[in-house]
Each structure stands twice: as C-alpha cells, then as structure tokens.
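Coordinates in review
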Amino acid sequence: VVVHEMANTYQAQGQHAIATTMFRRVYDTWMARLGAGHPATLRAMHGLGRSLAHHTVLDLDGAEPLMRKAHRGFELWLGARHKDTLGSLHDLAMLLVARGKYHEAEHLFWREVGTCEDEYGREHPLTLRASHCLGHVYVETNE
C-alpha cells in the first residue's frame, strides 16, 4: 500500500518514470498475491496504465490493455455509475483519443456524459469535463 501511494505521489510530481516502475512493482505483486479481480490489483493496474500513457513514458500499446482490464474490473466491482469507474472510463477514452481511435473514444465519452448527467447533473464538473472532451473529439475529427 505504501509503495502504491508513493507511486501516486511521484506521478503527481511529474516523475513518471519512477512512478511507472513503482506501479509495475505494485501491480506485479498484487496480481501474484491477490489476482486480477481484486480491488488493490485493479487500482495498481489503472495507475500503471495511466503512467504508461503519460507523454514522458508514452507506451500506449502497453497502457491500453491495462486500462481496458482495469475499467472492466471497476465496472464489475463497483458498478458502472461509481465515481472510480467513471474515472477509469474517462482515462480509457483519453487514451483512445491519444491513439487516434476517435470513434471508440466518442462512444465512451457519450457514456460518461450520460452517466454523469444522471448521477450529478448537467452543471457538475465531471459532466462538464466529459462534455468538453467529447467536443474535443469532434474538433479532432472535423465533425
């Protein structure tokens, strides 16, 4: 747990190479001890995926399967409407934008917008963030 929190701290400080190493260590440990569906493993998987996707590390091929697995795990564990699940959905959609997979990202952002509107209302910061990102997809695709 301490190593995971240290990895989060390094990531927040912009030290993504160190954070990636630490997230990988935590992920490998939790995967071996607790299995892929355990909440601690899912959080480490998500953190590693985010760290790999950062522009200073830029391993999008490595990040995408981790982000997909983490999101599916959060949906099963917490449900589709939980804030952490929505966060993993958002991060996955952002990764897909970075990979140029705009159609799939658009679909995920629409899911995020709809769920955030239902849960928090149209003016909530999470709803507005998702709407802004959806608009960015349309700008990128000239739609």
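Refer to the structure printed above.
Since this is a predicted model, take the numbers as computed values, not measurements.

Applying the stated criterion to the full structure yields 12 salt bridges. Taking the shortest distance from any N to any O, the salt bridge between arginine 81 and aspartate 118 comes out at 3.1 Å. Of this pair, arginine 81 sits in the loop between helix H4 (60-78) and helix H5 (83-98) while aspartate 118 sits in helix H6 (residues 102-120), and the two are 37 residues apart along the sequence. Taking relative accessible area as the criterion, arginine 81 reaches 38% and is therefore assigned partly exposed. A salt bridge links glutamate 112 to arginine 129; the shortest N-O distance between them is 3.3 Å. Of the two residues, glutamate 112 is situated in helix H6 and arginine 129 in helix H7 (residues 125-140); the sequence distance between them amounts to 17 residues. Look at glutamate 112 and you get buried, because its relative accessible area is 0%.

Next up on the list: helix H1 (residues 2-12). Turning to H1, its buried residues number three or more, namely Val3, His4, Ala7 and Gln11. One side of H1 carries all its buried residues, which in axial view fall inside an arc of 105 degrees. Residues of H1 that are exposed and point more than 90 degrees away from the buried face comprise Val2 and Ala12. In this structure, the buried residues of H1 make contact with helix H2 (16-34) and helix H3 (39-53).

So, on to the state of the cysteines. As enumerated under the stated definition, the model contains zero disulfides in all. Cysteine 116 forms no disulfide, and the closest cysteine sulfur to it belongs to cysteine 133, at a distance of 11 Å. Among the residues examined, cysteine 116 registers a relative accessible area of 1% and is labelled buried.

Parameters at a glance
Residues numbered from 1 in each chain as written. Predicted model: local features only at pLDDT ≥ 70, side-chain atom pairs only at ≥ 80, totals over all residues. Heavy atoms only, no water. Salt bridge = Lys/Arg side-chain N within 4 Å of Asp/Glu carboxyl O. Helix = DSSP H or I, 4+ residues; strand = E, 2+ residues; numbered from the N terminus. Buried < 20%, exposed > 50% of the residue type's maximum accessible area, 1.4 Å probe, protein only. Arc of directions from axis to C-beta. Contact = heavy atoms within 4.5 Å. Disulfide = S-S within 2.5 Å.

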